[in-house]
Amino acid sequence: MATQLPDDFKCPISLEIMSDPVILASGHTFDRTSIQRWLDSGHRTCPITKLPLPEHPCLIPNHALRSLISNYTLVTPSNSQPCPQPQTLCSALTSPSSSVKTKLESLTHLAKLTKRDSALRRKLTESGAVPAVLKYVDSGDPSLQEKALSLLLNLSLDDDNKVGLVAEGAINRVVKVLRVGSPDCRAIAATIITSLAVVEVNKATIGAYPDAIPALVRLLIAGKGREKKEAATALYAICSFADNRRRAIDCGAVPILMGLLDSGLERAIEVLGLLVKCKEGREEMMKVNGCVKVLVEVLRNGSSRGVQYGLFTLNCLCNYSESFCFEARNEGVLEICMGLVEEENEKIRRYTSSLVQTLRGNHAIG
């Protein structure tokens, strides 16, 4: 598997495909296990840049990359037959005389080639092939559309391509697929949004695009399991930009995410952990019946990442509302926190300590 996936998916330390990619303060991404082992050995420099790190380095989950890695094999076709040259495939793709079968085969081969060849991805974007790919993303043929989306996802993997793809009109096509595509196509489309949003300027562009965030929120409601997860991941990626949080809240995302969290979609707490940073988000959360109980359940049974976001969200809400703080105490949050203060995870310990101080001192800001 490692030899078939792009080098960008490999940890610089282990050279293996990353299962839990995290970003170090230096800006470089590593697999959590590998970088934690490096830090536990006493190192306080970045393995790549050799620049000094804080005494207690923060490891930020790279959700966008993790989502791309986990979905990569699902969206890339396999074919054991000899593959034509890329130039031939591009010609067939752009030729008006090519049959649907030929176009489908060209898209399939190009998706296979570009999944592991960053040079080819750059070459394709520079050769003017993107408009043809976007044309097939708009196709009414579900097979052509799915293969074109797979290829577009591959092209979006390179940071140098991300802004250019948006400038070429990728968002318009991808949002349309989010609205009316097949379940598989909608899941890939949401993953493309996540990939494009890795570049900061694209977060603002995507959020400002008409119906982009509403389409993702609708997918949270109407989508199947994978669609919901990818829609939540895309919202997480773009809602690190403050204006997009308010847009998501205005679309009714908070009660939908809270319902999904209650149903077991833990990715929802990560999005809520961003939306709680603004006043509108906190107010919407406090309107949700049973909000405290849902968040407490995350603290009791969530993964390490889920517990982190659950603690952070609860602390923001308890700081904001005296009544919410009172309800959290009644739900036994202090007792749960006592069991978390000795956690190995530094961020959980820090968030736990902050929440305990809030609950004991009731530092509500009203």
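Since the structure is predicted, the reported quantities are computational estimates derived from the model, not experimental observations.

A few words on helix H7 (residues 142–155). Here H7 is 14 residues long and its end C-alpha atoms lie 20 Å apart, about the 20 Å a rise of 1.5 Å per residue gives. Extensive coverage of H7 is indicated by the burial of 10 of its 14 residues. The complete set of buried residues in H7 reads Leu144, Gln145, Ala148, Leu149, Ser150, Leu151, Leu152, Leu153, Asn154 and Leu155.

The next subject is the sheet that holds strand S1 (residues 21–23). Reading across from one edge, S2-S1-S3 is the order of the three strands in this open sheet, with antiparallel pairing throughout. On the outer flanks of this sheet lie strand S2 (29–31) and strand S3 (60–61), each paired with one strand and no other. In the sheet, S1 pairs with S2 via three bridges, with the strands oriented antiparallel. Along S2, the bridge assignment pairs Pro21 with Asp31. Contacting S1, S2 and S3, helix H1 (residues 32–40) crosses the sheet at an angle of about 95° to S2.

Our focus in this paragraph is the nonpolar core. The biggest cluster of nonpolar side chains holds 117 residues, and the ones touching the most others in it are Ile193, Leu216, Ile238, Leu261, Leu275 and Met285. For this core, the two domains that each supply at least three residues are domain 1 (7–61) and domain 2 (87–251). Not counting chain neighbours up to four residues away, the residues in contact with Leu216 comprise Leu178, Ala190, Ile193, Ala231, Ala234, Leu235 and Ile238.

For the pair helix H4 (residues 100–114) and H7, the least separation of the axes is 9 Å and the interaxial angle reads 25°. Of the possible angle classes, the one that applies to H4 and H7 is roughly parallel. At the point where H4 passes H7, the crossing takes the left-handed sense. In contact with Val100, Lys103, Leu104, Leu107, Thr108, Leu110, Ala111 and Thr114 of H4, H7 contributes Ser143, Leu144, Lys147, Ala148, Ser150, Leu151, Asn154 and Leu155. Partitioning the contact of H4 with H7 into residue classes produces nine nonpolar, five polar and two charged.

This paragraph deals with the side chain of Asp20. With respect to the secondary-structure elements, Asp20 resides in the segment before S1. Residue classification places Asp20 among the buried residues on the basis of a relative accessible area of 17%. Among the polar contacts made by the side chain of Asp20, one reaches the side chain of Arg32 at a distance of 2.7 Å. Within the structure, Asp20 has its side chain in polar contact with the side chain of Arg66 (distance 3.5 Å). Sequence-distant contacts of Asp20, that is, excluding residues within four places in its chain, are made with Phe30, Asp31, Arg32, Arg66 and Arg305.

Glancing now at the side chain of Ser156. With respect to the helices, strands and loops of the structure, Ser156 is situated in the loop between H7 and helix H8 (159–167). Exposure remark for Ser156: the relative accessible area of 0% places this residue in the buried category. A distance of 2.7 Å separates the side chain of Ser156 from the backbone oxygen of Leu153, its partner in a polar contact. In this structure, Ser156 is in contact with Lys162, Leu165, Ser195 and Leu196, ignoring residues within four places of it in sequence.

Moving on to the domain arrangement of the protein chain. As far as domains go, the protein chain holds domain 1 (7–61) and domain 2 (87–251). The C-alpha-based centres of domain 1 and domain 2 are spaced at 29 Å.

Attention now goes to the environment of Ala189. Note on placement: Ala189 falls in helix H10 (residues 183–196). For Ala189, a relative accessible area of 0% corresponds to the buried category. Once residues within four sequence positions are removed from consideration, Ala189 is found in contact with Val174, Val177 and Leu178.

This part covers helix H11 (residues 200–208). For H11, every residue scored as buried is listed here: Asn202, Lys203, Ile206 and Gly207. Summarising the axial view, the buried residues of H11 lie within an arc of 130°, below the 170-degree limit, and thus occupy one face. Along its buried surface, H11 packs onto H8, helix H9 (170–180), H10, helix H12 (212–222), helix H13 (225–238) and helix H14 (242–250).

Criteria and thresholds
- In this numbering scheme, every chain counts its residues from 1 along its sequence in written order.
- In keeping with the predicted nature of the model, local features appear solely for residues at pLDDT of at least 70, side-chain atom pairs appear and are counted solely at 80 or more, and the whole-chain, interface and lining totals rest on all residues.
- Derived side-chain values reflect all non-hydrogen atoms in the structure, with water molecules and hydrogen atoms excluded from consideration.
- Think of it this way: any DSSP run of H or I at least four residues long counts as a helix, any run of E at least two long counts as a strand, and we number them from the N terminus.
- Expected helix span is taken as 1.5 Å per residue step, with the number of steps being one fewer than the number of residues.
- Here's how the labels work: a residue is buried when its accessible area is under 20% of the maximum for its type, exposed when over 50%, partly exposed in between, all with a 1.4 Å probe on protein chains only.
- At least two DSSP bridges between two strands are required for those strands to pair.
- Contact criterion: two residues are considered in contact whenever any of their non-hydrogen atoms come within 4.5 Å of each other.
- Where helices are involved, their axes are fitted lines through C-alpha atoms of the stretch in contact, as for all axes, and angles between N-to-C directions lie from 0 to 180°.
- To define a nonpolar core, start from buried Ala, Val, Leu, Ile, Met, Phe, Trp, Tyr and Cys residues and group those joined through side-chain atoms within 4.5 Å.
- Each domain span listed reflects an automatic or database assignment of domains.
- Angle categories: roughly parallel below 35 degrees, roughly antiparallel above 145, roughly perpendicular from 65 to 115, and oblique for all the rest.
- Crossing handedness is defined as follows: a turn of the near helix away from the far one that is anticlockwise and smaller than a right angle gives a left-handed crossing, while the clockwise case is right-handed.
- Classes in brief: Ala, Val, Leu, Ile, Met, Phe, Trp, Tyr, Cys and Pro nonpolar; Asp, Glu, Lys and Arg charged; the others, Gly included, polar.
- Here a polar contact means two N or O atoms within 3.5 Å. Within protein one must be a hydrogen donor candidate and the other an acceptor candidate, and residues neighboring in sequence count only if both atoms are side-chain atoms.
- Comment: arc refers to directions from the helix axis out to C-beta atoms.

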